[in-house]
Amino acid sequence: MESESKLSVREISSGDIDAIANYWLNADADYLRGMGAEKTKLPSREQWHQMLSAQLAEGYPEKQAYAIIWELNGQPIGHSNVNKIVFGEEAYLHLHLWHPAHRKGGHGLAFLKMTIPFFFKNMQLKRLYCEPFALNPAPNRTLPKLGFSFVKNYVTTPGSINFEQEVNLWVLEK
């Protein structure tokens, strides 16, 4: 029964690396495009392992990225991470539910409510930004429910795995 589902969050561990790499590398090209990513621009499995292992080895002030794992009844089903981190100032939020069965059920909102405090506390943030693809309805519906304010809409290439796209910039102040 859905009402008995237990949601929890925790910091990434080395045992999560394969699941995150699999999420990206096994994703359908259309799904990736729907969130503004391009399959041909994804890192290799080895690069995912290198990046995530480096994240685990660094202290909070040195991290270039930081991930929180989302669990449903003790099983990892997704993650949220920040990158473009300026420790003590700001970072950019990303959110990913790994399996279609877990999407569109309200879990993302509940998980983010538990996750965002980790980012503010451990990265000592003053501001948290999110820059989703303007045509991706899920994050653009969820962010205002969490207290994010709309900043602007513009065209950019948000990251190394993205194509040029229209994005909506949102911000949450501490």
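Counting of residues starts from 1 at the beginning of each chain's written sequence and follows it residue by residue. Whole-chain, interface and lining totals are the exception, using all residues; otherwise, since this is a predicted model, local features are given only for residues with pLDDT of at least 70 and side-chain atom pairs are given and counted only at 80 or more. Derived side-chain values reflect all non-hydrogen atoms in the structure, with water molecules and hydrogen atoms excluded from consideration.

### Some points on the environment of E46
Counting from the N terminus, the helices are DSSP H or I runs at least four residues long and the strands are E runs at least two residues long. Relative to the assigned elements, E46 resides in helix 3 (residues 45-57). C-alpha separation for the pair E46 and A21, spaced 25 residues apart in sequence, amounts to 9.0 Å.

### Some points on the packing of helix 1 (residues 17-25) against helix 3
To describe two helices that pack against each other, one gives the angle between their axes and the distance between the axes. Note on geometry: axes are C-alpha line fits, over the in-contact stretch for helices, and angles between N-to-C directions span 0 to 180 degrees. Orientation of helix 1 relative to helix 3, taken along the N-to-C sense of each, is 140°, at an axis distance of 10 Å. Comparing the axis directions of helix 1 and helix 3 gives the class oblique. Handedness of the helix 1/helix 3 crossing: right-handed. In this structure, helix 1 contributes I17, D18, I20, A21, N22, W24 and L25 to the contact, and helix 3 contributes R45, W48, H49, L52, S53 and L56. By the convention adopted, Pro, Cys, Tyr, Trp, Phe, Met, Ile, Leu, Val and Ala count as nonpolar, Lys, Arg, Asp and Glu as charged, and the other residues, Gly among them, as polar. Looking at the contact of helix 1 with helix 3 residue by residue, the classes come out as 8 nonpolar, 3 polar and 2 charged. Any angle from 65 to 115 degrees is called roughly perpendicular, while one under 35 is roughly parallel, one over 145 is roughly antiparallel, and all others are oblique. By convention the crossing between two helices is left-handed if the near helix lies anticlockwise of the far one by an angle smaller than a right angle, and right-handed if it lies clockwise. Residues are treated as being in contact if the distance between any of their heavy atoms lies within 4.5 Å.

### Description of the pairing of strand 2 (residues 65-72)
Each residue gets one of three labels from its accessible area relative to the maximum for its type: buried under 20%, exposed over 50%, partly exposed in between, using a 1.4 Å probe on protein chains only. Of all 8 residues in strand 2, 7 are buried; the element is thus mostly enclosed. Looking at chain direction, strand 1 (residues 7-11) and strand 2 are connected through 5 bridges and run antiparallel. Residue E11 lies in a different strand from strand 2, and its bridge partner there is I68. Where strand 2 lies against strand 3 (residues 75-86), 8 bridges are found, and the strand directions are antiparallel. For Y66, the partnering residue across the bridge sits in strand 3 and is V82. Two successive antiparallel strands, strand 2 and strand 3, enclose a turn made up of 2 residues, where N73 displays a positive phi of approximately 50°. Any two strands with at least two DSSP-identified bridges between them are counted as paired.

### Comments concerning the pairing of strand 4 (residues 90-97)
Counting buried positions along strand 4 gives 6 out of 8 residues, so the element sits mostly inside the fold. Where strand 3 and strand 4 come together, 7 bridges link them in antiparallel fashion. Across the sheet, H79 pairs through a bridge with H96, a residue of strand 4. The loop that links strand 3 with its antiparallel partner strand 4 comprises 3 residues; one of these, G88, has a positive phi angle of about 85°. One ladder, built from 4 bridges, connects strand 4 with strand 5 (residues 127-130); its direction is parallel. Its bridge partner lying in strand 5, Y92 is registered against Y129. Tracing the backbone out of strand 4, into helix 4 (residues 107-122) and back to the parallel element strand 5 gives a crossover that is right-handed. Crossover handedness is defined here as right-handed if the route from the first strand over the helix to the second strand goes clockwise, with the strands pointing away from the viewer.

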